[in-house]
Amino acid sequence: MKKAIKQLPTFAARTYRGGKVMRKFLGLGDTEDNFYPEDWISSFTEAKNKDYVPAEGLTRVLFDGKEALLSDLVTPEDFGEGRADSGVLIKFIDSAERLGIQVHPTKDYALKYFNSTYGKTECWHILAPREGAAEPPCVYLGFKENVTKES
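What comes next concerns the included structure.

Scoring rules and cut-offs
- Residues numbered from 1 in each chain as written.
- Predicted model: local features only at pLDDT ≥ 70, side-chain atom pairs only at ≥ 80, totals over all residues.
- Heavy atoms only, no water.
- Helix = DSSP H or I, 4+ residues; strand = E, 2+ residues; numbered from the N terminus.
- Buried < 20%, exposed > 50% of the residue type's maximum accessible area, 1.4 Å probe, protein only.
- Contact = heavy atoms within 4.5 Å.
- Areas by Shrake-Rupley, 256 points an atom, 1.4 Å probe, with all protein chains shown as cover.
- Lys, Arg positive; Asp, Glu negative; His and termini not counted.
- Charge placed at Lys NZ, Arg CZ, Asp CG, Glu CD.
- Phe/Tyr/Trp six-rings, centres within 6.5 Å; stacked < 30°, edge-to-face > 60°.
- Lys NZ or Arg CZ within 6 Å of the ring centre and 35° of its normal.
- Pairing = 2+ DSSP bridges.
- Axes fitted to C-alpha atoms, helices over the stretch in contact; angles between N-to-C directions.
- Polar contact = N/O pair within 3.5 Å; in protein donor to acceptor, adjacent residues only side chain to side chain.
- Salt bridge = Lys/Arg side-chain N within 4 Å of Asp/Glu carboxyl O.

1. As for the overall build of the protein
Counting secondary structure elements, the protein contains three helices and six strands. Reading the helices (α) and strands (β) of the protein from amino to carboxyl end gives β-β-α-β-β-β-α-β-α. Judged by the C-alpha coordinates and their principal axes, the protein covers about 55 × 45 × 30 Å. Buried positions account for 19% of the 151 residues belonging to the protein. Of the contacts formed within the protein by residues at least 6 apart in sequence, a portion of 49% connects residues at least 24 apart. Accessible area for the protein stands at about 11,900 Å²; split by element, carbon and sulfur atoms hold 56% of it. Positive and negative charge centroids in the protein, built from 21 and 23 side chains respectively, lie 1 Å apart.

2. Brief notes about the packing of aromatic side chains
Under the definition given, this model contains three aromatic pairs. A ring pair is formed by phenylalanine 25 and phenylalanine 92, whose centres lie 5.6 Å apart and whose planes are at 80°; its orientation type is edge-to-face. In this pair, phenylalanine 25 sits in helix H1 (residues 20–25) while phenylalanine 92 sits in strand E6 (residues 90–93), placing the two residues 67 residues apart along the sequence. Note that arginine 17 overlies the ring of phenylalanine 35, its terminal NZ or CZ placed 5.2 Å from the centroid. Directly above the aromatic system of phenylalanine 11 lies the positively charged group of arginine 23, at a separation of 5.8 Å from the ring centroid.

3. Considering the sheet that holds strand E2 (residues 11–12)
Strand order in this open sheet of three strands is E2-E3-E6, and the pairing throughout is antiparallel. One side of each edge strand has no neighbouring strand; the edge strands of this open sheet are E2 and E6. Pairing analysis gives two bridges linking E2 to strand E3 (residues 38–41), with the strands arranged antiparallel. From the neighbouring strand, alanine 12 faces E3, where its bridge partner is glutamate 38.

4. Comments concerning the sheet that holds strand E4 (residues 60–63)
The strand order across the open sheet built from three strands is E1-E4-E5, with neighbouring strands paired in antiparallel fashion. Single-partner strands in this sheet number two, and they are strand E1 (5–7) and strand E5 (66–69). Mean inter-strand twist for the sheet, computed between neighbouring axes without regard to direction, equals 35°. Inspection of the sheet shows E1 paired to E4 by three bridges, in the antiparallel sense. Within E4, the residue paired with glutamine 7 across the bridge is valine 61.

5. Let's talk about the side chain of serine 95
Checked against the element boundaries, serine 95 lands in the loop between E6 and helix H3 (107–114). Polar contacts involving the side chain of serine 95 include one to the main-chain carbonyl oxygen of glutamate 97, which spans 2.3 Å. Once you skip the residues sitting within four places of it in the chain, serine 95 turns out to touch Tyr16, Arg17, Gly18 and Arg130.

6. Remarks on the environment of glycine 100
You can see glycine 100 is positioned in the loop between E6 and H3. The exposure class assigned to glycine 100 is exposed, which follows from its relative accessible area of 59%. Sequence separation between glycine 100 and tyrosine 16 is 84 residues; the distance between their C-alpha atoms is 9.9 Å.

7. As for the pattern of salt bridges
Two side chains carrying opposite charge are able to pair once their charged atoms lie near each other. Here the structure, examined in full by the defined rule, presents five salt bridges. Arginine 130 is the salt-bridge partner of aspartate 33, the closest N and O atoms lying 2.7 Å from each other. A residue pair is termed long-range when its members are at least 10 positions apart, and aspartate 33 in the loop between H1 and E3 and arginine 130 in the segment after H3 qualify at 97 residues. A network of salt bridges, in which partner residues are shared, links Arg14, Glu38 and Lys91.

If you want it as structure tokens, here you go:
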């Protein structure tokens, strides 16, 4: 007999504020922005923060009536030959402030300079902008000089 796994919110500390819209969407009572603006879904990766918290960012689940880490319920064999985890991190992000530039390494660069088998490719699905923002939200992509909203 197979047992169901219920995913629990898995918040990770960040350096920016947010989270109230996300927690409302998730049906949670806490609707104030704080420094936990991300819910890490399907995560086998610990958050790397200045103040290390063991297992922060690892997906929490309810299994057989007990809270557990998803990574404790899945074995490397479940991911296929030569894999230790899924290699995918999915997360909700609810930023209450403008986020800075992000640059992520390719797999080759990450292996050479960080001894990591992971690069990072991103895909975004924007559900909705925050209401009451000082200016309409936007995303700038690419490396072209003088990128503006109009270009």
